[in-house]
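# A closer look at the structure
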Amino acid sequence: MVTVKTVDELTSRFRDEGLRVTPQRQAIFRLLHGVDSHPTVESLFESARAEMPTISRKTVYQTVHDLEEMGEVELLDVGTGSIRVDPNVEHAHQHLVCTRCGTVRDVLLDVADLRVPARYRREFTVEAVEVVFRGVCEECSNRHQPTPCQPTP
Ligand SMILES: [Zn+2]
Ligand SMILES: [Zn+2]
């Protein structure tokens, strides 16, 4: 369902663009492959550092921006306070955002038919539609379930 480019595919895309591919950059490609968790750049940096202690924050930011320029990732602002990296650029999709933990999940949903009423279209040209569903993820709703009253002995 969610297809993202493999490390090898991204490596050759980078080389095609004349960009250098370092082991650090490949570590970031690896971290982005197959994720649908929409990591923040900061959390990508943390995970990259765990497997490659010499990697710099600057390298992570630069790589993410190069990927965005090549159209391989999308940088999303879904109101969680940080930019999220979305490697799922092949399928049009919308997002579920947990208001408690900030988890962002993909939801496949066709919004192509969503239209603003005609009177707005005269003054405004719509170029893109984004739908964000805000709510509580399963993990958070389990964690915050009120505990049933214990009978007092
Ligand atoms: Zn949550
Ligand atoms: Zn997404």
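Details of the structure are given in the entry above.
Conventions used here
Each chain has its residues counted from 1, following the order in which its sequence is written. Each chain gets a letter, beginning with A, and each ligand a number, beginning with 1, in the order they are written. The predicted nature of this model means local features are confined to residues of pLDDT at least 70 and side-chain atom pairs, given and counted, to a pLDDT of 80 or more, with totals for whole chains, interfaces and linings taken over all residues. Values shown for side chains rest on all heavy atoms present in the structure; no hydrogens or waters enter the calculation. A run of DSSP states H or I qualifies as a helix once it reaches four residues; a run of E qualifies as a strand once it reaches two. Both are numbered from the N-terminal end. Throughout, the radius of gyration refers to the C-alpha atoms, and the reference size of a globule is 2.2 Å times the residue count to the power 0.38. Polar contacts here mean pairs of N or O atoms no more than 3.5 Å apart (in protein, one a potential hydrogen donor and the other a potential acceptor; neighbouring residues in sequence count only if both atoms are side-chain atoms). Here, two residues are considered to be in contact whenever any of their heavy atoms come within 4.5 Å of each other. Buried Ala, Val, Leu, Ile, Met, Phe, Trp, Tyr and Cys residues that are joined via side-chain atoms within 4.5 Å together make up what is termed a nonpolar core. Only protein chains enter the accessibility calculation, which uses a 1.4 Å probe. A residue is then buried if its area is under 20% of the maximum for its type, exposed if over 50%, and partly exposed in between. Distances up to 2.8 Å from the metal define which N, O and S atoms are donors, and 3.2 Å serves for Na, K and Ca; water is absent from the atom set, so sites may look incomplete. Think of it this way: with four donors and all angles in the 85 to 135 degree range, the site is tetrahedral; with four or six donors, opposite ones beyond 155 degrees and the rest between 65 and 115, it is square planar or octahedral; otherwise it is irregular. Two aromatic rings from Phe, Tyr or Trp, using only the six-membered ring of Trp, form a pair when their centres are within 6.5 Å; if the ring planes differ by under 30 degrees the pair is stacked, by over 60 it is edge-to-face, and anything between is tilted. Note: two strands are recorded as paired if DSSP finds a minimum of 2 bridges between them. To define axes, lines are fitted to C-alpha atoms, for helices over the stretch in contact only, and angles between the resulting N-to-C directions are given on a 0 to 180 degree scale. Relative orientations are named as follows: roughly parallel for angles under 35 degrees, roughly antiparallel for angles over 145 degrees, roughly perpendicular for angles from 65 to 115 degrees, and oblique for any other angle. Two helices cross in a left-handed way if the nearer one is turned anticlockwise from the farther one by less than a right angle. They cross in a right-handed way if the turn is clockwise. Here the nonpolar group is Ala, Val, Leu, Ile, Met, Phe, Trp, Tyr, Cys and Pro; Asp, Glu, Lys and Arg are the charged ones; every other residue, Gly included, is treated as polar.

A tally of regular secondary structure across the chain gives 6 helices and 5 strands. Of the regular secondary structure in the chain, the N- to C-terminal order runs α-α-α-α-β-β-β-β-α-β-α. The C-alpha atoms of the chain give 19 Å as radius of gyration, which overshoots the globular expectation for 153 residues (15 Å, by more than 25%). Considering only C-alpha atoms, the chain reaches an extent of 65 × 60 × 25 Å along its principal axes.

Below, the discussion takes up the side chain of Gln-94. Structurally, Gln-94 can be placed in strand E3 (residues 94–98). Separated by 2.6 Å, the side chain of Gln-94 and the backbone nitrogen of Val-131 make a polar contact. With sequence-adjacent residues up to four places away left out, Gln-94 is seen in contact with Arg-105, Asp-106, Val-107, Leu-109, Val-111, Val-129, Glu-130 and Val-131.

This part is about the nonpolar core. Core analysis: the largest hydrophobic core is formed by 18 residues, its most contacted members being Phe-29, Leu-32, Val-60, Leu-67 and Val-85. Of all the secondary structure elements, the ones that give two or more residues to this core are helix H1 (7–16), helix H2 (23–32), helix H3 (41–51) and helix H4 (57–69). With 4 residues, H3 is the single largest residue contributor to this core.

Moving on: the coordination of the zinc ion (ligand 1). In an ideal octahedron of six donors the angles at the metal are 90 or 180 degrees, and in an ideal tetrahedron of four donors they are 109.5 degrees. Each protein donor to the zinc ion (ligand 1) is listed here as Cys-98 (SG), Cys-101 (SG), Cys-137 (SG) and Cys-140 (SG); together their distances run 2.3 Å. Taken together, the 4 donor atoms surrounding the zinc ion (ligand 1) define angles of 105 to 114 degrees at the centre, an arrangement classified as tetrahedral. Motif for the zinc ion (ligand 1), donor spacing along one chain: C-x2-C-x35-C-x2-C. Of this pair, Cys-101 sits in the loop between E3 and strand E4 (104–107) while Cys-140 is found in helix H6 (residues 138–143), placing the two residues 39 residues apart along the sequence. On the basis of relative accessible area, Cys-140 is assigned to the buried category, the value being 1%.

Here the distance between the centres and the angle between the planes together describe a pair of aromatic rings. Counted according to the given criterion, the structure contains 1 aromatic pair. Relative to Phe-29, the ring of Phe-14 lies with its centre 4.9 Å away and its plane at 65 degrees, an arrangement referred to as edge-to-face. Of the two residues, Phe-14 sits in helix H1 while Phe-29 sits in helix H2, which places them 15 residues apart along the sequence. Take Phe-14: its relative accessible area is 0%, and that puts it in the buried class.

Take the sheet that holds E4 next. Read from one edge to the other, the open sheet built from 3 strands follows the order E4-E3-E5, with strand pairing classed as mixed. With one partner strand each, in any of the chains shown, E4 and strand E5 (132–135) form the two edges of the open sheet. Direction aside, the axes of adjacent strands within the sheet are offset by 25 degrees on average. Strand direction decides the pairing type here: E3 and E5, joined by 4 bridges, are parallel. Across the sheet, Val-97 pairs through a bridge with Arg-134, a residue of E5.

Contact pair H1 / H2: the axes reach a minimum separation of 9 Å and the direction vectors enclose 135 degrees. Taken together, the axes of H1 and H2 lie oblique to each other. The handedness of the crossing between H1 and H2 is right-handed. Contacts between H1 and H2 involve Val-7, Leu-10, Thr-11 and Phe-14 from the former and Arg-25, Gln-26, Phe-29 and Arg-30 from the latter. Partitioned by chemical class, the residues of the contact of H1 with H2 number 4 nonpolar, 2 polar and 2 charged.

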